[in-house]
Amino acid sequence: MTTEVHSINPEGLLTALAGVGRALGQSKQEIREAIHELGLQMETLPQCEQGLRHIYADGLYGREWTCEAGCIIVTEIHKVQHISSLTKGKIVVTSDDGCKILEAPQFFVTEQGTQRVLLTLEPTVFTTVHLNPDNEKDPDVLKARLTVRTYDQLGCEVQGVLA
């Protein structure tokens with residue numbers, strides 16, 4: 001559910017990063033557009049080494065993601081509210097709610113419609129826990145249930161709540 005990239009400096013990435021920075025303090029829509037553009041630029045770049053572990057319990061699905069320091073990650077847009085935990089590391093988090101530094105340990109709720117840009121300052125372990133009432137075990141099916149790539153895909157009734 002993430003796109004990762006080594007911290008390299010191609011012109012398109014720098015332009016997209018600058019766009020996110022300029023958008024901070026602007027409308028939620030402008031910040032979302034800047035984050036989307038950054039994600040598109042990053043898709044063309046080499047990917048960071050990362051680990052992803054899927055964890056299943058009755059009615060629950062967990063994702064434990066690990067990443068080295070110095071990576072930029074643009075997350076997918078989350079369809080549903082869920083629990084998130086930063087268990088190791090220090091990250092800069094930018095979203096349509098602003099920019100902040102999180103240092104482990106952190107335990108919090110990720111709201112519906114959230115998309116983030118993460119910069120890992122230290123090796124990082126990040127875990128999310130989602131409802132999984134039918135105990136699905138296919139990560140691709142779960143990804144489709146839990147995330148979308150654009151706000152348009154959330155649907156009009158949800159966008160009205162998030163705007």
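Residues numbered from 1 in each chain as written. Predicted model: local features only at pLDDT ≥ 70, side-chain atom pairs only at ≥ 80, totals over all residues. Heavy atoms only, no water.

Relative to strand E9 (residues 106-110), strand E6 (residues 82-88) runs antiparallel, the two sharing 5 bridges. From the neighbouring strand, histidine 82 faces E9, where its bridge partner is threonine 110. Pairing of E6 with strand E11 (residues 124-131), which is carried by 5 bridges, proceeds in the antiparallel orientation. When the bridges of E11 are listed, serine 85 appears paired with threonine 127. (Pairing = 2+ DSSP bridges. Helix = DSSP H or I, 4+ residues; strand = E, 2+ residues; numbered from the N terminus.)

As a further point, take the pattern of salt bridges. Enumeration according to the criterion identifies 9 salt bridges in this entry. Between arginine 149 and glutamate 43 there is a salt bridge, with its nearest N and O atoms 2.1 Å apart. In this pair, arginine 149 sits in the loop between strand E12 (147-148) and helix H4 (156-162) while glutamate 43 sits in the loop between helix H2 (28-42) and strand E2 (50-57), placing the two residues 106 residues apart along the sequence. A relative accessible area of 40% places arginine 149 in the partly exposed class. (Salt bridge = Lys/Arg side-chain N within 4 Å of Asp/Glu carboxyl O. Buried < 20%, exposed > 50% of the residue type's maximum accessible area, 1.4 Å probe, protein only.)

Under the definition given, this model contains 2 aromatic pairs. With 6.1 Å between their ring centres and 65° between their planes, phenylalanine 108 and phenylalanine 126 make a pair best called edge-to-face. In this pair, phenylalanine 108 sits in strand E9 while phenylalanine 126 sits in strand E11, placing the two residues 18 residues apart along the sequence. (Phe/Tyr/Trp six-rings, centres within 6.5 Å; stacked < 30°, edge-to-face > 60°.)

The strand order E2-E3-E11-E6-E9 describes an open sheet built from 5 strands, whose pairing is antiparallel. The two strands at the open ends of the sheet, each matched to only one other strand, are E2 and E9. On average, each strand axis in the sheet is inclined to that of its neighbour by 20°, with strand direction left out of account. (Axes fitted to C-alpha atoms, helices over the stretch in contact; angles between N-to-C directions.)

Time to look at H2. Taking 1.5 Å per residue as the helical rise, H2 with its 15 residues ought to reach 21 Å, and the 21 Å between its terminal C-alpha atoms agrees with that figure. Looking at H2, one finds that the buried residues are Ile31, Arg32, Ala34, Ile35, Leu38, Gly39 and Met42. Down the axis of H2, the sector holding all buried residues measures 165°, keeping them to one side. (Expected span 1.5 Å × (residues − 1). Arc of directions from axis to C-beta.)

To continue, consider the confidence of the model for the protein. Mean pLDDT over the protein: 82, with 81% of residues reaching 70 or higher. Note that pLDDT drops below 50 for residues 1-10; the model gives that stretch 46 contacts with residues more than four away or on any other chain. Across residues 156-163, where pLDDT falls below 50, the model places 8 contacts with residues more than four positions away in sequence or in other chains. (pLDDT = per-residue confidence, 0-100. Contact = heavy atoms within 4.5 Å.)

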